[in-house]
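Single-letter residue listing:
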Amino acid sequence: AQCAALYGHGVRPDIAALAQRYGGFALADGSAGVSRLIWSHGTLDPWHGWFRNVAQPSASSDVHHFLMEGAAHHLDLRGPHPEDPPAVVHARQREAEIIHRWIIEA
């Protein structure tokens, strides 16, 4: 809807463009050899469907995905608000736990 409002109805987001151009799937699924990544995205993001094409990262990759229902990207990085969707509250809690573990392990 946002793309159509800005660019007309002939424009559709290319949710595979990131992966094709930058190898995003390998980063997102943990197969690029990069670890300690957190990917958070919301169902309000026009590209959130891109992650449906990504294999679940193995536990040993330390790559984490959070899909926040009813939210957009970066909402989990803002300060808490009483009206935050439950998925955002959960993502913030888990992200803090994961990052704390990374710091302890460093």
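Up top you'll find the structure we're talking about.
Model, not experiment: these values are computed from the prediction.

Visitor: Just to check I follow, could you spell out the overall build of the chain for this structure?
Guide: In terms of helices and strands, the chain carries four helices and two strands. If you list the helices and strands of the chain from N to C, you get α-α-α-β-β-α. Classification of the 106 residues of the chain by burial places 28% in the buried group. Across the chain, every contact between residues at least 6 apart in sequence was considered, and the portion connecting residues at least 24 apart equals 66%.

Visitor: I'm lost on the pattern of salt bridges in this one. Help?
Guide: Once the charged atoms of two side chains with opposite charge are near each other, the side chains can pair. Overall, the coordinates contain five salt bridges when judged by the stated rule. Put simply, Arg 101 and Asp 62 hold a salt bridge, and the shortest N to O gap is 2.7 Å. With Arg 101 in helix 4 (residues 86-105) and Asp 62 in the loop between strand 1 (37-42) and strand 2 (63-68), the pair connects residues that are 39 residues apart, well separated along the chain. Relative accessible area serves as the criterion here: at 31%, Arg 101 is assigned to the partly exposed category. Take Asp 62: its relative accessible area is 11%, and that puts it in the buried class. A salt bridge links Arg 92 to Asp 84; its shortest N-O distance comes to 2.7 Å.

Visitor: Explain the environment of Gly 10 to me, please; I cannot follow it from the model alone.
Guide: Inspection of the secondary structure puts Gly 10 in the loop between helix 1 (2-7) and helix 2 (17-22). Taking the relative accessible area as the measure of exposure, Gly 10 reaches 75% and is therefore exposed. Along the sequence, Gly 10 and His 81 sit 71 residues apart, while their C-alpha atoms lie 37 Å from each other.

Visitor: Help me out: how do you make sense of a nonpolar patch on the surface in this one?
Guide: Together, Leu 6, Tyr 7 and Val 11 make up an exposed nonpolar region whose accessible area comes to about 340 Å². Locating Val 11 in the fold gives a position in the loop between helix 1 and helix 2.

Visitor: I'm lost on the side chain of Asp 45 in this one. Help?
Guide: Position of Asp 45 among the secondary structure elements: in the loop between strand 1 and strand 2. Here Asp 45 is buried and forms no salt bridge, its nearest opposite-charge partner Arg 78 lying at an N-O distance of 10 Å. A polar contact is formed between the side chain of Asp 45 and the backbone nitrogen of Gly 42, at a distance of 2.9 Å. Within the structure, the side chain of Asp 45 is placed 2.7 Å from the side chain of His 73, a separation counted as a polar contact. Every residue in contact with Asp 45, bar those within four places of it in the chain, is listed here: Ala 71, Ala 72 and His 73.

About the thresholds
- Residues numbered from 1 in each chain as written.
- Predicted model: local features only at pLDDT ≥ 70, side-chain atom pairs only at ≥ 80, totals over all residues.
- Heavy atoms only, no water.
- Helix = DSSP H or I, 4+ residues; strand = E, 2+ residues; numbered from the N terminus.
- Buried < 20%, exposed > 50% of the residue type's maximum accessible area, 1.4 Å probe, protein only.
- Contact = heavy atoms within 4.5 Å.
- Salt bridge = Lys/Arg side-chain N within 4 Å of Asp/Glu carboxyl O.
- Patch = residues over 30% accessible without salt bridge, like charges linked within 9 Å, V, L, I, M, F, W, Y side chains within 5 Å.
- Areas by Shrake-Rupley, 256 points an atom, 1.4 Å probe, with all protein chains shown as cover.
- Lys, Arg positive; Asp, Glu negative; His and termini not counted.
- Polar contact = N/O pair within 3.5 Å; in protein donor to acceptor, adjacent residues only side chain to side chain.

Just geometry here; none of it tells us what the structure is for.
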